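Commentary on secondary and tertiary structure
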Amino acid sequence: LLPTSSRPPRASAKMMPRVLVLLVAALCVANCLMQVAPMKAPMRSTPVSRAVAPTMMVEETEMAQATLATVNAIGMAVASNAGDFGGYTIPIIGLGLIGATIALLAGPVDE
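Read on for a plain summary of the structure. The structure presented is a predicted model; accordingly, all values stated were derived computationally and were not measured.

What counts and how
- Residues numbered from 1 in each chain as written.
- Predicted model: local features only at pLDDT ≥ 70, side-chain atom pairs only at ≥ 80, totals over all residues.
- Heavy atoms only, no water.
- Helix = DSSP H or I, 4+ residues; strand = E, 2+ residues; numbered from the N terminus.
- Buried < 20%, exposed > 50% of the residue type's maximum accessible area, 1.4 Å probe, protein only.
- Areas by Shrake-Rupley, 256 points an atom, 1.4 Å probe, with all protein chains shown as cover.
- Patch = residues over 30% accessible without salt bridge, like charges linked within 9 Å, V, L, I, M, F, W, Y side chains within 5 Å.
- Salt bridge = Lys/Arg side-chain N within 4 Å of Asp/Glu carboxyl O.
- Expected span 1.5 Å × (residues − 1).

Secondary structure summary: the protein chain contains 3 helices and 0 strands in total. Each helix and strand of the protein chain, placed in order from N terminus to C terminus, yields the pattern α-α-α. Evaluated residue by residue, the protein chain yields a buried proportion of 1% over its 111 residues. For the protein chain, the exposed surface amounts to about 11300 Å²; the carbon and sulfur share of it is 70%.

The next thing to look at is a nonpolar patch on the surface. Where nonpolar side chains cluster on the molecular surface, the patch consists of Met15, Met16, Val19, Leu20, Leu23 and Leu27 and spans about 580 Å² of accessible area. Residue classification places Val19 among the partly exposed residues on the basis of a relative accessible area of 43%.

Taking 1.5 Å as the rise per residue, helix H3 (residues 89–106) with 18 residues should run 26 Å; its terminal C-alpha atoms sit 26 Å apart, in good agreement. The buried count for H3 comes to 0 of 18 residues, which makes it a mostly uncovered element.

Interpretation in functional terms is not warranted from these geometric data alone.
Quick look at the structure:
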């Protein structure tokens, strides 16, 4: 064994300050995230009253009936049965968009 004065410094002695700095930083972060006292809502002197649900009145007008008929017609035009093409419109648009994105980003293919 070499005497202690002639030994070369160990790698762990060089890393000790870094380890201590990281330990202190971790403790500071943990201290910042720790809740010191439980948070309590301030006491209210008056009790909170609950609101009453609003009453809604729908009038049967020609405009309301026309709007309802239009919405029903659109619903039937989009997809009335599982075999209709209207139900596949959104998936086809999505697949086309994905295919266009891949074609745009792929670049030229070298053979």
